[in-house]
Each structure stands twice: as structure tokens, then as C-alpha cells.
Amino acid sequence: MISVFRFLFRFLGYGFLALAIIAGISDASSSIALSELHMAPLGRVWFDLSPETLNLAQAVVQRHIHPSLWDPAIQEVLTWPVWAVFAPLGLLLLWLGAPKRRRQAQFA
């Protein structure tokens, strides 16, 4: 059962890293095209792709988890660039999904 979770963590971790790389390349190409630094915030990208799910996520967090969690914490994360959110999350999931290393006997 634990190996299933590790596989799932690794799978999601690689997926999040792929999203971070794609977002980084997109930010770099738009920065070159605009001749200025441009990093798309997660909230803007999410709203452009699916405003209904962003509103649904806000309603679920405020009604069922805690109202003050959305305002300071999640709104701050939504202002970060997409790659800055997904890259650390992907690395964390890969670390959690890494296979356990076996300790080898040491001979002197």
C-alpha cells in the first residue's frame, strides 16, 4: 500500500515539475517578446483557464475549511508565478515518493 502512495507522489511530482518547466518557458518567451520581465501569476492563469473552478475553490475554502485561510494565505500564493508554486511542490512530492535507501553494512 505504501508503494502505491510513493508511486502516486512520484507521478504527481513529475507532473508538477513538468508544469513548472512549461510555465517557466512561457514566462521566459513572453519576457523576451515584451522586452521586460513578465511572470504570469498563478491566480491570473487559473482565472484565464477556468474562472468557475477558482470561484468554487474560494467558496469551498471559505465555507468548509476556514474563511481567514483564503484571504491572507491563499490569495498571497495566487500572486506568485506559476513555476514558483509548482516547482517546490513537485520537488516535495518527489522527495516524499523517493524509495527508501537500504543501509549497507560497513566493514572496517
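For the structure itself, consult the block above.
This is a predicted model, so every value here is computed, not measured. (Residues numbered from 1 in each chain as written. Predicted model: local features only at pLDDT ≥ 70, side-chain atom pairs only at ≥ 80, totals over all residues. Heavy atoms only, no water.)

**A few points about the side chain of Ser-31**
In this structure, Ser-31 sits in helix 1 (residues 2-34). In contact with Ser-31, not counting residues within four places along its chain, are Glu-36, Leu-37 and His-38. (Helix = DSSP H or I, 4+ residues; strand = E, 2+ residues; numbered from the N terminus. Contact = heavy atoms within 4.5 Å.)

**Observations concerning the packing of aromatic side chains**
Tallied over the entire structure, the rule returns two aromatic pairs. Ring centres of Phe-7 and Phe-11 lie 6.2 Å apart, and the angle between their planes is 25 degrees; on these two criteria the pair is classed as stacked. Note that Phe-7 and Phe-11 are positioned in helix 1 at a spacing of four residues, about one turn of the helix. The two residues Phe-7 and Phe-11 agree in class, both being exposed. Measuring from centroid to centroid gives 5.3 Å for Phe-16 and Phe-86, while their planes differ by 45 degrees, and the two rings are tilted. Of this pair, Phe-16 sits in helix 1 while Phe-86 is found in helix 5 (residues 82-97), placing the two residues 70 residues apart along the sequence. Here Phe-86 falls in the buried class, since its relative accessible area comes to 17%. (Phe/Tyr/Trp six-rings, centres within 6.5 Å; stacked < 30°, edge-to-face > 60°. Buried < 20%, exposed > 50% of the residue type's maximum accessible area, 1.4 Å probe, protein only.)

The values reported here are purely geometric and, on their own, carry no functional implication.
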